[in-house]
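Structural overview
What follows is the residue order along each chain.
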Amino acid sequence: FETLGISIYEGFGITECAPLVCVTPYFARKYGSVGPAVPCCQGRIDGTGVGSHGYIEGEIQIKGDNVMLGYMDMPEETAAVIDAEGWFHTGDMGYIDENGYAYITGRKKNVIITKNGKNVYPEELEYQLSLISFVEESFVFEGESEKDDTTIIASIKLDQETMEEILGAEYTEEQAKELVWKEVDKINADAPFYRKIKKVIIRKSEFIKNSSKKLIRFAEENKKED
């Protein structure tokens, strides 16, 4: 987009916060960040683990004039997302750098917690996989544990047209897997052991999605090899 002369500035909003929470200033952009909190509110990270970037990772929480009073006639649901101090629990995971810029890494309900207590965000790995030219779509999830660690599995749907351009129309499944693993190994090379993809599934059929075309993560059918 930049090479086309189009500038993009990321932001972060949520309905319960009316809705803007963070926005990137046009004069001080950081790629990959949704920017600092807007003046009417403040953000914090509820977590203790430190990611490879050197910042504490955890749930993004918001407090300020833009936070809702609560869900109408739903006190229990309100109490589940707004604590006694008035912090709204967004359910989004991320971190905040030394300049107050927020980075979103995934959803709390999707995070994979390894046997060693490390957090793995499927969305981060899926984004890395999406950068591979022949990957049409991917789904990263937790598999059965091996020995003392958690198995991270990537189910990948290939772009057939691109695959045929690379390997030819008569390519085999073995050739496809070899090509996929070459790229997955590059991702794994820069990742800590607990975050490495340890198994790859080549998926032929479409993933099961909801009416808004979002992948249903907890559908067992999406985890099967077809």
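To start, this report covers the structure provided alongside it. (Residues numbered from 1 in each chain as written. Predicted model: local features only at pLDDT ≥ 70, side-chain atom pairs only at ≥ 80, totals over all residues. Heavy atoms only, no water.)

Once that is clear, we can look at the overall build of the protein chain. In terms of regular secondary structure, the protein chain is built from four helices and 11 strands. The buried share of the protein chain, taken over its 226 residues, is 40%. As displayed, the protein chain offers around 13300 Å² of accessible surface, 53% of which is attributable to carbon and sulfur atoms. Across the protein chain, 26 positive and 41 negative side-chain charges occur, with their mean positions spaced 2 Å apart. (Helix = DSSP H or I, 4+ residues; strand = E, 2+ residues; numbered from the N terminus. Buried < 20%, exposed > 50% of the residue type's maximum accessible area, 1.4 Å probe, protein only. Areas by Shrake-Rupley, 256 points an atom, 1.4 Å probe, with all protein chains shown as cover. Lys, Arg positive; Asp, Glu negative; His and termini not counted. Charge placed at Lys NZ, Arg CZ, Asp CG, Glu CD.)

Turning next to the pairing of strand β2 (residues 20–23). In this structure, strand β1 (residues 11–13) lies alongside β2, joined through three bridges in antiparallel fashion. By the bridge assignment for β2, F12 is matched with C22. Linkage of β1 to β2, two consecutive antiparallel strands, is achieved through a turn of six residues, within which A18 is found at a positive phi near 70 degrees. (Pairing = 2+ DSSP bridges.)

Glancing now at helix α4 (residues 173–189). Along an α-helix, a turn takes 3.6 residues, which lines up residues three or four apart on a common side. In a regular helix each residue adds 1.5 Å, so 17 residues correspond to 24 Å; α4 covers 24 Å between its end C-alpha atoms and thus fits that length. Of all the residues in α4, the buried ones are A176, L179, V180, V184, I187 and N188. In this structure, the buried residues of α4 make contact with α2 (122–130), β10 (149–158), α3 (160–167) and β11 (199–203). (Expected span 1.5 Å × (residues − 1). Contact = heavy atoms within 4.5 Å.)

It is at 12 Å that the axes of α3 and α4 come closest, and there the two elements cross at 95 degrees. Regarding the angle of α3 to α4, the classification is roughly perpendicular. Every residue of α4 that contacts α3 at M163, I166 and L167 is listed here: Q175, A176 and L179. Residues belonging to the contact of α3 with α4 are distributed by class as follows: five nonpolar, one polar and no charged. (Axes fitted to C-alpha atoms, helices over the stretch in contact; angles between N-to-C directions. Parallel < 35°, antiparallel > 145°, perpendicular 65-115°, else oblique. Nonpolar A, V, L, I, M, F, W, Y, C, P; charged D, E, K, R; others polar.)

Moving on, we get to a negative patch on the surface. Judged by side-chain charge, E161, E164, E165 and E170 come together as a negatively charged surface patch. Note on placement: E164 falls in helix α3. (Patch = residues over 30% accessible without salt bridge, like charges linked within 9 Å, V, L, I, M, F, W, Y side chains within 5 Å. Salt bridge = Lys/Arg side-chain N within 4 Å of Asp/Glu carboxyl O.)

Attention now goes to the pattern of salt bridges. Taken as a whole and assessed by the stated rule, the structure comprises 16 salt bridges. We note a salt bridge from E137 to K209, for which the minimum N-O separation is 3.0 Å. With a gap of 72 residues between them, E137 in strand β9 (residues 135–146) and K209 in the segment after β11 connect regions that are remote in the sequence. One network of salt bridges, with partners in common, ties together R44, D83 and E85.

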